[in-house]
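# Geometric and topological summary
Spelled out, the chains give:
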Amino acid sequence: MNHIISVLVENKAGVLAKISGLFSRRGYNIESLAVGPTDDERISRITLVVDADERSVEQIIKQLYKLINVIKIQKLEPSNIVERELVLIKVNADSKTRGEIVEIVNVFRANIVDVAKKTLIIEITGSSQKVKALQDLLRPFGILELVRTGKIACTRGSKY
Amino acid sequence: MSKITGAQMIIKCLKEEGVDVAFGYPGGKVIPLYDALFDSDIRHILVRHEQCAAHAADGYARATGKTGVCIATSGPGATNLVTGIANANMDSIPIVAITGQVERSQIGTDAFQEADITGIVTPVTKHTYLVKDIKELPVAIKQAFLIASTGRPGPVLIDIPVDIQTELIDENIKVDINLTGYKPTVKGHLKQIKDAAKKIARSKKPVIFSGGGVIISGASEILQEFARTARIPVITSLMGKGSFPETDPLSLGMAGMHGTKYANLAFTECDLIIAVGVRFDDRITGKLSEFAPGAEVIHIDIDPAEIGKNIKVLIPIVGDAKTILTDLKEEYDKCIEKKETQDREEWLARVKKLKEDFPLTYDRKSNKIKPAYVVEKIYELTGGDAIICTEVGQNQMWAAQFYKYTKPRTLISSGGLGTMGFGLPASIGAKVGRPDKTVIDIAGDGSIQMVSQEFATAVSNKINIKVMLLNNGYLGMVRQWQEFFWNKRYSNTCIKESVDFVKLIEAYGGVGLRVTKKEEVEDAIKKALSIDNVVLVDFHVDCEENVYPMVAPGASISNMLESV
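Throughout what follows, the structure given in this document is the object of discussion. (Residues numbered from 1 in each chain as written. Chains lettered and ligands numbered in written order. Predicted model: local features only at pLDDT ≥ 70, side-chain atom pairs only at ≥ 80, totals over all residues. Heavy atoms only, no water.)

### Notes on the environment of Thr 180 of chain B
Selection rule: Only DSSP runs of H or I with at least four residues qualify as helices, and only runs of E with at least two residues qualify as strands; both kinds are numbered from the N terminus onward. Any two residues whose heavy atoms approach within 4.5 Å are treated as being in contact.
Here Thr 180 of chain B is to be found in the loop between strand E8 (168-170) and helix H9 (190-202). Along the primary structure Thr 180 of chain B and Val 276 of chain B are separated by 96 residues, whereas in three dimensions their C-alpha atoms are 28 Å apart. Those residues in contact with Thr 180 of chain B that sit more than four places away from it in its chain are Glu 10 and Ile 71 of chain A.

### What to know about the interface of chain B and chain A
Inclusion rule: Simply put, the buried area is the total loss of 1.4 Å probe accessible area from both parts when two parts are fitted together. Definition used for salt bridges: Asp or Glu carboxyl oxygen within 4 Å of a side-chain nitrogen of Lys or Arg. Pairs of N or O atoms are called polar contacts if they sit within 3.5 Å, as long as, within protein, a hydrogen donor faces a hydrogen acceptor (for residues adjacent in sequence, only side-chain-to-side-chain pairs). When residues are grouped by polarity, Ala, Val, Leu, Ile, Met, Phe, Trp, Tyr, Cys and Pro land in nonpolar, Asp, Glu, Lys and Arg in charged, and all others, Gly among them, in polar.
If you look at the interface, chain B gives 18 residues, while chain A gives 13 residues. For the pairing of chain B and chain A, the buried interface totals around 1300 Å² over both sides, and the portion due to carbon and sulfur atoms is 50%. The largest per-residue losses of area from chain B upon contact with chain A belong to His 127, Gly 181 and Ala 305 of chain B, which jointly make up 32% of the total buried on that side. One can count one salt bridge joining chain B with chain A. Lys 66 of chain A is paired through a salt bridge with Asp 303 of chain B; the nearest N and O atoms lie 2.5 Å apart. At the junction of chain B and chain A, the tally comes to seven residue pairs in polar contact (both at pLDDT 80 or more). By residue class, the composition of the side of chain B that touches chain A is seven nonpolar, seven polar and four charged.

### Comments concerning helix H1 (residues 6-16) of chain B
Along an α-helix, a turn takes 3.6 residues, which lines up residues three or four apart on a common side. Convention followed: When a residue's accessible area, from a 1.4 Å probe over protein chains only, is under 20% of the maximum for its type it is buried; when over 50% it is exposed; and in between it is partly exposed.
For H1 of chain B, the set of buried residues is Gly 6, Ala 7, Met 9, Ile 10, Ile 11, Cys 13 and Leu 14 of chain B. Once H1 of chain B finishes, Gly 18 of chain B follows within two positions and takes phi at roughly 80°, a positive value.

### Here we look at empty space enclosed by the protein
In this approach the atoms are scanned with a rolling probe the size of a water molecule, which exposes any empty space left behind. What counts, and what does not: Note on definitions: the grid is 1 Å and covers protein atoms alone; a cavity is a set of points where a 1.4 Å probe fits but cannot get out; a pocket is an open set with protein on both sides within 12 Å along at least five of seven lines; lining residues have an atom within 4 Å of a point. Grid points are joined across faces, edges and corners, and a volume is the space filled by probe spheres set on the points.
Tallied over the full model, the rule gives one cavity of 30 Å³ or more. In this structure, the largest cavity occupies an estimated 40 Å³ of space. In terms of lining residues, the largest cavity is bounded by Glu 10, Lys 12, Ile 68 and Asn 69 of chain A together with His 127, Tyr 129, Gln 143 and Leu 179 of chain B. A class-by-class count of the residues in the lining of the largest cavity yields three nonpolar, three polar and two charged.

### Structural notes on the nonpolar core
Quick note on the threshold: We call a set of buried residues a nonpolar core when its members are Ala, Val, Leu, Ile, Met, Phe, Trp, Tyr or Cys and they connect through side-chain atoms within 4.5 Å of each other. Domain boundaries shown here were taken from an automatic or database domain assignment.
By size, the foremost hydrophobic cluster in this structure holds 50 residues, and its most contacted members are Phe 23, Leu 81, Ile 412, Ile 448, Ile 465 and Val 467 of chain B. A total of eight residues in this core trace back to one element, the largest contributor, which is helix H3 (residues 50-64) of chain B. Looking at which domains feed residues into this core, each of domain 1 (3-170) and domain 3 (371-540) of chain B supplies at least three. Setting aside anything within four residues of it in sequence, one finds Ile 448 of chain B in contact with Glu 391, Leu 424, Asp 441, Ala 443, Phe 455, Val 467, Leu 469 and Phe 501 of chain B. In terms of nonpolar packing, the next biggest core, distinct from the first, is built from 37 residues, Ile 68 of chain A together with Ala 7, Ile 42 and Ile 160 of chain B among them.

### Digging into the packing of aromatic side chains
Residue and element names in this part refer to chain B. Our working rule: Ring geometry is summarised as follows: Phe, Tyr and Trp rings, the Trp one being its six-membered ring, pair when their centres sit within 6.5 Å, and such pairs are stacked at plane angles under 30 degrees, edge-to-face over 60 and tilted between the two. By definition, being over a ring means that NZ of Lys or CZ of Arg is both within 6 Å of the ring centre and within 35 degrees of the ring normal.
Counting across every chain of the model gives 15 aromatic pairs over all chains. Aromatic side chains Phe 209 and Phe 267 sit 5.1 Å apart centroid to centroid with 85° between the ring planes, which places their arrangement in the edge-to-face category. One end of the pair, Phe 209, is in strand E9 (residues 206-210); the other, Phe 267, is in helix H12 (residues 261-269), with 58 residues separating them in the sequence. Each member of the pair Phe 209 and Phe 267 is classed as buried. Ring geometry for Phe 209 and Phe 280: centres 5.4 Å apart, planes at 65°, overall edge-to-face. Remark: Phe 280 occurs in the loop between strand E12 (272-276) and helix H13 (282-285) and Phe 209 occurs in strand E9; sequence separation between them is 71 residues. Connected via pairs of aromatic rings, a cluster forms that spans Phe 209, Phe 267, Phe 280 and Phe 291. Sitting above the plane of the Tyr 474 ring, Arg 479 keeps its charged end 5.4 Å from the centroid. A cation sits over an aromatic face here: Lys 518 above Tyr 373, 5.0 Å from the ring centre.

So, in structure tokens, the structure goes:
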């Protein structure tokens, strides 16, 4: 089962290595990982998606807390968060197929950010399901490249 | 504003942390530091291999309760520390390792003697620093000592580029050691403690399981008070030996693979385990699904990650063992006042019977020198008042089984990592920290050869440790496993007649005694203890003696192999 863990860390060299190293040496897999500074530049947020059972996630969180540079950890409940992922998809598109692709893109409220003779680059943000649905529809045209940021998430409401 | 060099700043900071001794080995990228050390009154013990600097710092820390310090140069000097650091990490021992690094401008270029030591040791340290700005240097050192010695202690490494050691810095720079992400819990949750006290009061067959955390926390006294007031038998782990006097009728000694049969049976029969500062390591539990089948568990530990890691816990209490046990005893005393406690005389009688039925034993009538006999004699002749260090393997288990530990910090042994070659350098560190004590390394002929160059360290610094070598000509523990589980195929475990240990210690300027007859054992130990020098006693013990009892790997601890 996938869990989203949001980790606030001190923004220092080597911190990401300490976190990713912890995952590999304790035998846990990271599905996706997104890192960037918060509003306070001394602090970064790492959003991790891990595939593990409940007990392992508990253990992961406890082990993460032991890292000195880790400030705060939240396990995000899927029912109460806004989650987003940004994906860039480079897809085959010639004069015959371009129109059809543009229609699909519009339905998904995605954006076309680059147009070339034989390709389009589509930018989509949203949940994993939404991205996957678009991906499935574009696949018949030939997806040349797909780049994703990894999931980021925020709890709903005034709680933080 | 007076300026000093980074190297002088290191010394200044070490002094501020109360460091009066460091173990180390110089090299190209720590020459400035060693130059500053030359002018300081910090005693530096020059080891002969960096691994032993880390082990000696570790032994020093275990014997004194203070943080041990070791120093090495960049590259190979630093990588040689790794085993010692990993060893300290597994046993939660506070050490600070300082390594030199190539110039900042050279980092990442595969420069001569460059190694990414912070990257290498991250998995086996509590924390690491690579100092890239001289202003961070005093902060890193202050934080390192705080982190190493508080919470669940552990090793911290500070990697310092050589050009930082020579750069100038304001001597009185203000140091802010604010650590936002580091706040170990000390005080236990009061409701949990109350629940625990009630649970204990209702238990008919409880045991206390005391580990290294009790010793680290200085909780030994309160643990004894609590056990005696509540009339609960005490089992220890290897790391917990000394936390409860093994001469006390309530003591069941050590449990586990080579623990006492009565401790293992008490675990199997008990209804409640009050675990303090232990991590339920596989060498203790044996087959997890069959460990203590009837027991509920109260787990007291300062590291929340240990709770529920290996076994299911009914009442977790996170915090410092001493603080929690003090509160727990207070709550339990209330239960006694209200007469809510169970009568446990039946259980105590049962435990007493187990102790009588299954004592630790060996063939006392044998004419050969039995290793257990040597250890018993060491116990007798030191009055149980020595600090015992061990190597790893059979020697370690005999030292654990046949010497009775009555005080904390009297057994210094590589518990978690099981590092052969730990005992000799650790005993050097222990003796430096506790010169008033007799310090003995109970060694094996395999382990000692991994670090025998350290005799030079001991002799030249007049660190008069006594090495009691249980020489059986084998890598004995592996040989024992080969005998039991691999059809006696002794692949690469026979090391008979490989070295004359008496000549070896003499070559280093120490004193060697050889003992080949049982009746010589006692005199040799007495003589060794009386000589004012480093002494090695080479006991030619029964070659194929095994450590009993034993739980086969992966088996239940209720099922022990015993000698016939």
